[in-house]
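Okay, here's what each chain looks like letter by letter:
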Amino acid sequence: MTVSERYREAWESYWQATSDAPGEAIWDADPSLSAARDVDRLAPHADLSLPILDLGCGNGTQTRYLAARCGRALGIDLSHAAVEHARRADTARTAEFRQLSLTDPAAVRELHERLGDANVYMRAVIHQSDAPDRRPVAEAVATLVGSRGRGFVAELTEESKTTLTRLAESPGGPPLKLRRVFDHGLKPADAGDSEVAEVLASAGLRILAEGPTALAQTEQWADGSRVELPARWFVVGRAPEGEGRLSTGVVRPPHSA
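Residues numbered from 1 in each chain as written. Predicted model: local features only at pLDDT ≥ 70, side-chain atom pairs only at ≥ 80, totals over all residues. Heavy atoms only, no water.

**Focus: the packing of helix α1 (residues 5-16) against helix α4 (residues 80-89)**
Then, in step 1: Taken N-terminus to C-terminus, the directions of α1 and α4 make an angle of 35 degrees; their axes are 7 Å apart at the nearest point. Counting all contacts with α1, which are made through Glu12, Trp15 and Gln16, the residues of α4 involved are His80, Ala81, Ala82 and His85.
Then, in step 2: Considering only residue class, the contact of α1 with α4 consists of three nonpolar, three polar and one charged. (Axes fitted to C-alpha atoms, helices over the stretch in contact; angles between N-to-C directions. Helix = DSSP H or I, 4+ residues; strand = E, 2+ residues; numbered from the N terminus. Contact = heavy atoms within 4.5 Å. Nonpolar A, V, L, I, M, F, W, Y, C, P; charged D, E, K, R; others polar.)

**Description of the packing of aromatic side chains**
Then, in step 1: Scanning all chains against the criterion turns up seven aromatic pairs.
Then, in step 2: Relative to tryptophan 27, the ring of tryptophan 15 has its centre 6.2 Å away and its plane inclined at 70 degrees; by these criteria the two rings are edge-to-face. Pair noted here: tryptophan 15 is in helix α1 and tryptophan 27 is in the loop between α1 and α2 (35-42), with a separation of 12 residues, a long-range link.
Then, in step 3: Tryptophan 15 sits in the buried class, given a relative accessible area of 2%.
Then, in step 4: A relative accessible area of 24% places tryptophan 27 in the partly exposed class.
Then, in step 5: By the ring-pair criterion, three or more aromatic residues cluster together here, those being Trp11, Tyr14, Trp15 and Trp27.
Then, in step 6: Note that arginine 166 overlies the ring of tryptophan 221, its terminal NZ or CZ placed 3.9 Å from the centroid. (Phe/Tyr/Trp six-rings, centres within 6.5 Å; stacked < 30°, edge-to-face > 60°. Buried < 20%, exposed > 50% of the residue type's maximum accessible area, 1.4 Å probe, protein only. Lys NZ or Arg CZ within 6 Å of the ring centre and 35° of its normal.)

**Notes on the sheet that holds strand β6 (residues 205-220)**
Then, in step 1: Reading across from one edge, β3-β2-β1-β4-β5-β7-β6 is the order of the seven strands in this open sheet, with mixed pairing throughout. At either margin of the open sheet sits one strand with a lone partner, and together these are β3 (96-99) and β6. Across the sheet, the mean angle from the axis of one strand to that of its neighbour is 20 degrees, orientation sign disregarded.
Then, in step 2: Of the pairings in the sheet, the one linking strand β1 (residues 52-55) to strand β2 (residues 73-77) comprises four bridges and is parallel in character. When the bridges of β2 are listed, leucine 55 appears paired with isoleucine 76.
Then, in step 3: With respect to the sheet, helix α7 (residues 159-168) is in contact with β5 (151-156) and β7 (226-238), its orientation differing from that of β7 by roughly 155 degrees. (Pairing = 2+ DSSP bridges.)

**Topic: empty space enclosed by the protein**
Then, in step 1: Tallying each qualifying case throughout the model produces two cavities of 30 Å³ or more.
Then, in step 2: In this structure, the largest cavity spans a volume of roughly 680 Å³.
Then, in step 3: Mapped by element, the contributors of at least two residues to the lining of the largest cavity are α1, β1, α3 (61-70), β2, β4 (119-123), α8 (176-183) and β6.
Then, in step 4: Considering every element that reaches the lining of the largest cavity, the biggest residue donor is α1, with three residues.
Then, in step 5: Counted by class, the lining of the largest cavity contains 24 nonpolar, 11 polar and six charged residues.
Then, in step 6: Of the pockets and cavities examined, the second largest cavity occupies roughly 60 Å³.
Then, in step 7: Forming the walls of the second largest cavity are 13 residues, and the residues nearest its centre are Ser34, Arg37, Asp38, Ala214 and Leu215.
Then, in step 8: For the lining of the second largest cavity, the secondary-structure elements that each account for two or more residues are α2, β5 and β6.
Then, in step 9: With four residues, β6 is the largest single contributor of residues to the lining of the second largest cavity.
Then, in step 10: Considering only residue class, the lining of the second largest cavity consists of seven nonpolar, two polar and four charged. (1 Å grid on protein atoms, 1.4 Å probe; cavity = no way out; pocket = protein on both sides within 12 Å on 5 of 7 lines; lining within 4 Å. Points joined across faces, edges and corners; volume = space filled by probe spheres on them.)

Next comes the structure, spelled out in structure tokens:
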């Protein structure tokens, strides 16, 4: 299974139309508001000496932070234009960047074979993927973490739709950065709250920790406060062999005798 051409072209056109200016993308918040606190949540469950993969890296803002914090970091994005943005921005050559579709299992397996088990950082990828692609994306996480790695996954909740609607109804209409998301056919907050946990479980991942959070944006409300979208974070690892699953897709340990 590979990602749809519509989806690929939407992201390619978005990044081709985006300048190299920091914060040009609505989600391109400073790492102090995103990856820094996320790694703090991941750290108690992960071996940070492993390579870390930033899936859906965009222009690489978070990837560069991950390289400084964790050592070897590789940013992965579906869009060639996004990867070129990331490489231009990484003037110190602190990280690596590669174009790859997470729904291409052969390419994902090849990457795992090359790097070995790795930690994964994935922020707001499942919720805006086309519905048929969500499980393959989660399966890519399971492949890449292997037996030793851990994944940090943050996804918008359904409540974020209310926030986005309110922002779109601002005086004068949606602010420019949000309007550009809509203009390129991207679909924020498109996955249901229960679906994210179920997709992770169906891919063979066990949730080790989770909690509420908010994804900082680079737009502001009229009063000057930062727009933040309600979200939930998960730390995941590969479920042990033989571990049972509920019919809902939620992982559970096998019953003891």
